[in-house]
Amino acid sequence: MKKILIGGSPCTKWSIANKNRETVSSGEGWELFKNYCIAKELFAPDYYFYENNVSASKEIKEQIEKELGNKRIEINSSVVSPQNRKRFYVQNIIDNIGEISSNSMTIKDIIEENADGITYKMTNIKKNPKVSPFGLKCIGYCGSNSQGNRVYSINHKGPTLCASSGGKGAKTGLYEINGKIRGLTVREAARCQTIPEWFQFPCSDNQSLKQIGNGWTCKVIELFFKELPKNEEYLVLSMFDGISCGQIVFSELGYNINKYIAVEIDEKCRETTKINFPNTIFFNDAFDIRNENSELYKYLISL
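Because the structure is predicted, anything quoted here is derived from the model rather than measured. (Residues numbered from 1 in each chain as written. Predicted model: local features only at pLDDT ≥ 70, side-chain atom pairs only at ≥ 80, totals over all residues. Heavy atoms only, no water.)

Peer 1: So what about the sheet that holds strand β1 (residues 2–7)? Which residues, and what values?
Peer 2: The seven strands are arranged β3-β4-β2-β1-β10-β11-β12 in an open sheet whose pairing can be described as mixed. In the strand order of this sheet, the two ends are held by β3 (73–76) and β12 (281–283), each with one partner. Each adjacent strand pair in this sheet contributes to an overall mean axis angle of 20 degrees, direction not counted. The strands that helix α1 (residues 28–43) touches are β1, β2 (47–53) and β10 (233–239); relative to β1, the one it contacts most, it runs at about 180 degrees. Set on the sheet, helix α6 (residues 245–253) makes contact with β1, β10 and β11 (256–263); between it and β11 the angle comes to about 170 degrees. (Pairing = 2+ DSSP bridges. Helix = DSSP H or I, 4+ residues; strand = E, 2+ residues; numbered from the N terminus. Axes fitted to C-alpha atoms, helices over the stretch in contact; angles between N-to-C directions. Contact = heavy atoms within 4.5 Å.)

This is the structure in C-alpha coordinates:
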(Lines give C-alpha, C1' and ligand atoms only; values in the text may rest on other atoms or scores of the structure.)
Protein backbone atom coordinates (compact mmCIF):
# COMPACT_ATOMS: atom_id res chain seq x y z
CA MET A 1 0.00 0.00 0.00
CA LYS A 2 1.29 3.47 -0.91
CA LYS A 3 0.98 6.50 1.37
CA ILE A 4 0.02 9.96 0.13
CA LEU A 5 0.21 13.18 2.14
CA ILE A 6 -1.81 16.06 0.72
CA GLY A 7 -2.80 19.50 1.97
CA GLY A 8 -2.21 23.20 1.89
CA SER A 9 -1.74 25.19 5.08
CA PRO A 10 -4.14 28.17 5.47
CA CYS A 11 -2.89 31.12 3.39
CA THR A 12 -4.62 33.96 5.27
CA LYS A 13 -1.45 35.08 7.04
CA TRP A 14 0.54 35.14 3.77
CA SER A 15 -2.02 36.51 1.31
CA ILE A 16 -1.40 39.85 -0.36
CA ALA A 17 -5.00 40.70 0.58
CA ASN A 18 -3.87 40.83 4.23
CA LYS A 19 -2.49 44.30 5.01
CA ASN A 20 -0.43 42.85 7.86
CA ARG A 21 0.64 39.72 6.02
CA GLU A 22 3.69 37.74 7.07
CA THR A 23 6.51 37.79 4.51
CA VAL A 24 9.21 35.79 6.32
CA SER A 25 9.41 32.13 7.34
CA SER A 26 8.26 32.68 10.91
CA GLY A 27 5.02 33.62 12.62
CA GLU A 28 1.57 32.03 12.75
CA GLY A 29 1.42 31.15 9.05
CA TRP A 30 4.77 29.38 9.20
CA GLU A 31 3.76 27.45 12.32
CA LEU A 32 0.73 26.14 10.40
CA PHE A 33 2.99 25.08 7.54
CA LYS A 34 5.33 23.33 10.00
CA ASN A 35 2.44 21.06 10.98
CA TYR A 36 2.43 19.82 7.38
CA CYS A 37 6.20 19.25 7.57
CA ILE A 38 5.84 17.30 10.83
CA ALA A 39 3.12 15.20 9.21
CA LYS A 40 5.47 14.50 6.31
CA GLU A 41 8.18 13.28 8.66
CA LEU A 42 5.82 11.26 10.88
CA PHE A 43 3.65 9.75 8.14
CA ALA A 44 6.60 9.05 5.78
CA PRO A 45 4.54 9.23 2.56
CA ASP A 46 5.58 7.77 -0.76
CA TYR A 47 4.01 10.83 -2.38
CA TYR A 48 3.23 14.29 -1.07
CA PHE A 49 1.34 17.26 -2.49
CA TYR A 50 1.24 20.80 -1.07
CA GLU A 51 -0.71 23.86 -2.29
CA ASN A 52 -0.78 27.56 -1.41
CA ASN A 53 -1.43 31.04 -2.76
CA VAL A 54 1.00 32.49 -5.31
CA SER A 55 0.78 35.86 -3.52
CA ALA A 56 2.88 34.49 -0.64
CA SER A 57 6.24 36.28 -0.51
CA LYS A 58 9.22 35.03 -2.51
CA GLU A 59 11.10 34.23 0.71
CA ILE A 60 8.28 32.06 2.04
CA LYS A 61 7.83 30.21 -1.25
CA GLU A 62 11.54 29.51 -1.55
CA GLN A 63 11.74 28.31 2.04
CA ILE A 64 8.79 25.98 1.45
CA GLU A 65 10.66 24.53 -1.54
CA LYS A 66 13.69 23.99 0.69
CA GLU A 67 11.69 22.35 3.47
CA LEU A 68 9.78 20.01 1.14
CA GLY A 69 12.67 19.28 -1.23
CA ASN A 70 11.13 20.20 -4.59
CA LYS A 71 10.57 23.23 -6.80
CA ARG A 72 7.14 24.81 -6.98
CA ILE A 73 4.87 24.72 -10.00
CA GLU A 74 2.55 27.70 -10.49
CA ILE A 75 -0.81 27.25 -12.21
CA ASN A 76 -3.74 29.59 -12.77
CA SER A 77 -7.06 27.76 -12.45
CA SER A 78 -8.28 29.73 -15.48
CA VAL A 79 -6.68 27.08 -17.71
CA VAL A 80 -9.28 24.50 -16.60
CA SER A 81 -12.12 26.66 -15.27
CA PRO A 82 -13.82 30.07 -15.67
CA GLN A 83 -12.07 31.39 -12.54
CA ASN A 84 -8.84 33.37 -12.23
CA ARG A 85 -7.04 31.66 -9.33
CA LYS A 86 -3.24 31.58 -9.12
CA ARG A 87 -1.75 28.91 -6.87
CA PHE A 88 1.58 27.12 -6.45
CA TYR A 89 2.21 23.45 -5.83
CA VAL A 90 5.19 21.63 -4.34
CA GLN A 91 5.04 17.85 -4.76
CA ASN A 92 6.93 14.72 -5.76
CA ILE A 93 4.33 13.09 -8.01
CA ILE A 94 5.68 14.46 -11.30
CA ASP A 95 8.79 16.42 -12.27
CA ASN A 96 7.08 18.73 -14.74
CA ILE A 97 3.43 19.42 -15.47
CA GLY A 98 4.14 20.12 -19.14
CA GLU A 99 2.12 22.43 -21.34
CA ILE A 100 -1.53 22.82 -20.36
CA SER A 101 -4.05 23.62 -23.07
CA SER A 102 -6.07 26.56 -21.78
CA ASN A 103 -9.85 26.30 -22.08
CA SER A 104 -12.26 28.98 -23.22
CA MET A 105 -14.72 28.59 -20.33
CA THR A 106 -16.38 31.77 -19.06
CA ILE A 107 -18.75 32.52 -16.21
CA LYS A 108 -21.62 32.22 -18.67
CA ASP A 109 -20.86 28.49 -18.95
CA ILE A 110 -21.59 27.79 -15.27
CA ILE A 111 -24.70 29.95 -14.70
CA GLU A 112 -27.80 28.26 -13.25
CA GLU A 113 -31.02 29.04 -15.03
CA ASN A 114 -33.63 30.93 -12.96
CA ALA A 115 -31.38 31.16 -9.90
CA ASP A 116 -32.68 33.30 -7.05
CA GLY A 117 -30.65 35.61 -4.82
CA ILE A 118 -30.08 39.19 -3.74
CA THR A 119 -29.83 41.56 -6.69
CA TYR A 120 -28.25 45.01 -6.85
CA LYS A 121 -28.31 48.10 -9.04
CA MET A 122 -25.23 49.13 -10.97
CA THR A 123 -24.51 52.75 -10.01
CA ASN A 124 -21.45 53.34 -12.17
CA ILE A 125 -21.14 51.87 -15.67
CA LYS A 126 -17.63 51.82 -17.12
CA LYS A 127 -17.13 53.31 -20.56
CA ASN A 128 -15.22 51.08 -22.99
CA PRO A 129 -14.26 48.44 -20.39
CA LYS A 130 -11.17 46.42 -21.26
CA VAL A 131 -10.33 42.80 -20.61
CA SER A 132 -7.58 42.35 -18.00
CA PRO A 133 -4.46 40.23 -18.64
CA PHE A 134 -6.19 37.47 -16.63
CA GLY A 135 -9.32 37.48 -18.77
CA LEU A 136 -11.65 39.51 -16.52
CA LYS A 137 -13.85 42.33 -17.77
CA CYS A 138 -15.17 44.77 -15.15
CA ILE A 139 -18.18 46.61 -16.61
CA GLY A 140 -19.14 48.78 -13.62
CA TYR A 141 -19.72 49.09 -9.88
CA CYS A 142 -22.50 48.78 -7.33
CA GLY A 143 -21.60 51.66 -5.02
CA SER A 144 -17.93 52.49 -4.57
CA ASN A 145 -15.26 51.28 -6.98
CA SER A 146 -13.80 48.87 -4.42
CA GLN A 147 -13.03 45.31 -5.47
CA GLY A 148 -16.03 43.89 -3.60
CA ASN A 149 -18.41 46.12 -5.56
CA ARG A 150 -17.08 45.41 -9.05
CA VAL A 151 -19.48 43.99 -11.62
CA TYR A 152 -18.03 41.58 -14.19
CA SER A 153 -19.13 40.39 -17.59
CA ILE A 154 -20.26 36.75 -17.67
CA ASN A 155 -18.72 36.42 -21.12
CA HIS A 156 -15.23 36.41 -19.60
CA LYS A 157 -13.34 34.83 -16.68
CA GLY A 158 -14.33 35.57 -13.10
CA PRO A 159 -12.25 36.75 -10.12
CA THR A 160 -10.82 34.42 -7.48
CA LEU A 161 -13.41 32.94 -5.15
CA CYS A 162 -12.65 33.92 -1.56
CA ALA A 163 -13.57 32.42 1.79
CA SER A 164 -14.20 35.88 3.19
CA SER A 165 -14.20 39.33 1.64
CA GLY A 166 -16.14 42.57 1.86
CA GLY A 167 -18.54 44.40 -0.42
CA LYS A 168 -21.72 43.31 -2.13
CA GLY A 169 -19.79 40.76 -4.18
CA ALA A 170 -18.17 39.14 -1.16
CA LYS A 171 -16.77 35.65 -1.81
CA THR A 172 -17.80 35.36 -5.49
CA GLY A 173 -17.83 38.75 -7.20
CA LEU A 174 -20.84 40.41 -8.90
CA TYR A 175 -22.09 39.72 -12.41
CA GLU A 176 -24.70 41.05 -14.79
CA ILE A 177 -26.90 38.00 -15.41
CA ASN A 178 -30.09 38.24 -17.44
CA GLY A 179 -30.24 41.96 -16.82
CA LYS A 180 -29.75 41.64 -13.05
CA ILE A 181 -26.68 42.17 -10.87
CA ARG A 182 -25.96 39.36 -8.39
CA GLY A 183 -23.28 37.17 -6.93
CA LEU A 184 -22.84 33.48 -7.73
CA THR A 185 -24.95 30.74 -6.20
CA VAL A 186 -23.36 27.87 -4.28
CA ARG A 187 -23.61 25.55 -7.29
CA GLU A 188 -22.18 28.17 -9.64
CA ALA A 189 -19.25 28.78 -7.27
CA ALA A 190 -18.69 25.02 -7.02
CA ARG A 191 -18.58 24.83 -10.81
CA CYS A 192 -15.91 27.56 -10.81
CA GLN A 193 -13.86 25.24 -8.60
CA THR A 194 -14.74 22.35 -10.97
CA ILE A 195 -16.38 20.51 -8.08
CA PRO A 196 -18.65 17.83 -9.64
CA GLU A 197 -22.45 18.12 -9.65
CA TRP A 198 -22.94 15.13 -7.34
CA PHE A 199 -21.13 16.86 -4.47
CA GLN A 200 -23.59 17.97 -1.77
CA PHE A 201 -23.48 21.10 0.42
CA PRO A 202 -25.51 20.54 3.62
CA CYS A 203 -24.59 23.87 5.24
CA SER A 204 -25.99 27.37 4.76
CA ASP A 205 -25.19 29.20 1.52
CA ASN A 206 -22.81 31.51 3.36
CA GLN A 207 -20.93 28.60 4.96
CA SER A 208 -20.87 26.67 1.69
CA LEU A 209 -19.44 29.62 -0.25
CA LYS A 210 -16.77 30.01 2.43
CA GLN A 211 -15.87 26.33 2.12
CA ILE A 212 -15.69 26.54 -1.67
CA GLY A 213 -13.51 29.65 -1.49
CA ASN A 214 -11.09 27.81 0.80
CA GLY A 215 -11.05 24.74 -1.43
CA TRP A 216 -9.02 23.53 -4.39
CA THR A 217 -9.80 23.70 -8.10
CA CYS A 218 -10.39 19.99 -8.62
CA LYS A 219 -9.39 19.86 -12.28
CA VAL A 220 -6.02 21.44 -11.45
CA ILE A 221 -5.37 18.83 -8.75
CA GLU A 222 -6.37 16.15 -11.23
CA LEU A 223 -3.45 17.18 -13.48
CA PHE A 224 -1.14 15.88 -10.74
CA PHE A 225 -3.10 13.01 -9.20
CA LYS A 226 -3.83 11.32 -12.53
CA GLU A 227 -0.09 10.61 -12.81
CA LEU A 228 -0.12 8.38 -9.71
CA PRO A 229 0.14 4.63 -10.40
CA LYS A 230 -3.34 3.27 -11.18
CA ASN A 231 -2.93 -0.27 -9.85
CA GLU A 232 -2.06 0.68 -6.25
CA GLU A 233 -4.04 0.86 -3.04
CA TYR A 234 -3.60 4.17 -1.22
CA LEU A 235 -3.56 5.43 2.35
CA VAL A 236 -4.18 9.19 2.32
CA LEU A 237 -3.47 11.77 5.02
CA SER A 238 -4.95 15.18 4.25
CA MET A 239 -3.78 18.08 6.40
CA PHE A 240 -6.11 21.12 6.55
CA ASP A 241 -8.56 19.02 4.56
CA GLY A 242 -11.40 21.56 4.14
CA ILE A 243 -14.22 19.86 2.22
CA SER A 244 -11.98 17.07 0.91
CA CYS A 245 -11.35 18.33 -2.61
CA GLY A 246 -8.49 15.84 -2.73
CA GLN A 247 -10.94 13.04 -1.96
CA ILE A 248 -13.24 14.36 -4.70
CA VAL A 249 -10.42 14.01 -7.24
CA PHE A 250 -9.44 10.52 -6.09
CA SER A 251 -13.10 9.50 -6.39
CA GLU A 252 -13.46 11.00 -9.86
CA LEU A 253 -10.29 9.24 -11.02
CA GLY A 254 -11.43 5.90 -9.56
CA TYR A 255 -8.43 5.29 -7.31
CA ASN A 256 -8.51 2.60 -4.64
CA ILE A 257 -8.38 4.50 -1.36
CA ASN A 258 -8.01 2.18 1.63
CA LYS A 259 -8.29 4.95 4.22
CA TYR A 260 -8.68 8.72 3.95
CA ILE A 261 -7.59 10.56 7.09
CA ALA A 262 -8.78 14.17 7.22
CA VAL A 263 -7.35 16.72 9.66
CA GLU A 264 -9.73 19.69 9.69
CA ILE A 265 -10.63 21.98 12.59
CA ASP A 266 -13.76 23.53 11.03
CA GLU A 267 -16.85 21.62 12.15
CA LYS A 268 -18.94 22.75 9.17
CA CYS A 269 -16.29 21.53 6.73
CA ARG A 270 -16.25 18.16 8.47
CA GLU A 271 -20.04 18.07 8.19
CA THR A 272 -19.87 18.64 4.44
CA THR A 273 -17.18 15.99 3.99
CA LYS A 274 -19.08 13.45 6.10
CA ILE A 275 -22.21 13.83 3.94
CA ASN A 276 -20.22 13.13 0.79
CA PHE A 277 -17.62 10.70 2.14
CA PRO A 278 -19.02 8.96 5.25
CA ASN A 279 -16.00 6.65 5.62
CA THR A 280 -13.58 9.53 6.22
CA ILE A 281 -11.49 9.27 9.39
CA PHE A 282 -11.55 12.67 11.10
CA PHE A 283 -9.15 14.49 13.40
CA ASN A 284 -9.65 18.11 14.39
CA ASP A 285 -6.58 20.16 15.26
CA ALA A 286 -3.47 20.02 13.07
CA PHE A 287 -1.35 21.15 16.03
CA ASP A 288 -2.13 17.82 17.74
CA ILE A 289 0.45 16.27 15.44
CA ARG A 290 3.10 17.81 17.74
CA ASN A 291 1.67 16.11 20.83
CA GLU A 292 2.77 12.51 21.39
CA ASN A 293 -0.22 11.97 23.68
CA SER A 294 -2.80 13.11 21.14
CA GLU A 295 -5.10 10.70 19.32
CA LEU A 296 -3.83 12.01 15.97
CA TYR A 297 -0.19 11.34 16.80
CA LYS A 298 -0.93 7.88 18.22
CA TYR A 299 -3.01 6.94 15.20
CA LEU A 300 -0.39 7.98 12.66
CA ILE A 301 2.45 6.09 14.31
CA SER A 302 0.26 2.99 14.46
CA LEU A 303 -0.13 2.87 10.68
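Peer 1: Describe the nonpolar core, and please don't skip the residues or the numbers.
Peer 2: With 52 residues, the main nonpolar core has Ile6, Phe49, Ile195, Phe224, Phe225, Leu228 and Phe250 as its most contacted residues. The dominant element in this core, judged by the number of residues it contributes, is helix α5 (residues 218–225), at six residues. If sequence neighbours within four positions are ignored, Phe250 has contacts with Ile4, Ile6, Phe225, Leu228, Val236, Tyr255, Ile257 and Tyr260. Grouped together as the second largest cluster of nonpolar side chains are 29 residues, Tyr50, Ile60, Val90 and Met239 included. (Core = buried A, V, L, I, M, F, W, Y, C linked by side-chain atoms within 4.5 Å. Buried < 20%, exposed > 50% of the residue type's maximum accessible area, 1.4 Å probe, protein only.)

Peer 1: Explain the packing of α1 against helix α2 (residues 58–68) to me, using residue names and the numbers behind them.
Peer 2: In contact at an axis separation of 11 Å, α1 and α2 are set at 15 degrees when each is read in the N-to-C sense. Classed by the angle they form, the pair α1 and α2 counts as roughly parallel. The element α1 and its partner α2 pack so that their crossing is right-handed. Of the residues in α2, those in contact with Trp30, Phe33, Tyr36, Cys37 and Lys40 of α1 are Ile60, Gln63, Ile64, Glu67 and Leu68. Its residues assigned to classes, the contact of α1 with α2 shows seven nonpolar, one polar and two charged. (Parallel < 35°, antiparallel > 145°, perpendicular 65-115°, else oblique. Left-handed = near helix turned anticlockwise from the far one by under 90°. Nonpolar A, V, L, I, M, F, W, Y, C, P; charged D, E, K, R; others polar.)

Peer 1: Tell me about the environment of Lys274, and please be specific about residues and values.
Peer 2: By secondary structure assignment, the location of Lys274 is in helix α7 (residues 267–276). Sequence spacing of Lys274 and Phe88 is 186 residues, and the spatial spacing of their C-alpha atoms is 28 Å.

Peer 1: An account of unusual backbone geometry is requested, with residue identities and associated values reported.
Peer 2: The residue Phe240 is not glycine, and still its phi comes out positive at about 55 degrees. Along the polypeptide, Phe240 turns up in the loop between β10 and α6. Relative accessible area serves as the criterion here: at 18%, Phe240 is assigned to the buried category. Positioned with a positive phi, Ser244 is a non-glycine residue whose angle comes to about 60 degrees. Relative to the helices and strands, Ser244 is located in the loop between β10 and α6. Judged by relative accessible area, Ser244 falls into the buried class, the value being 0%.

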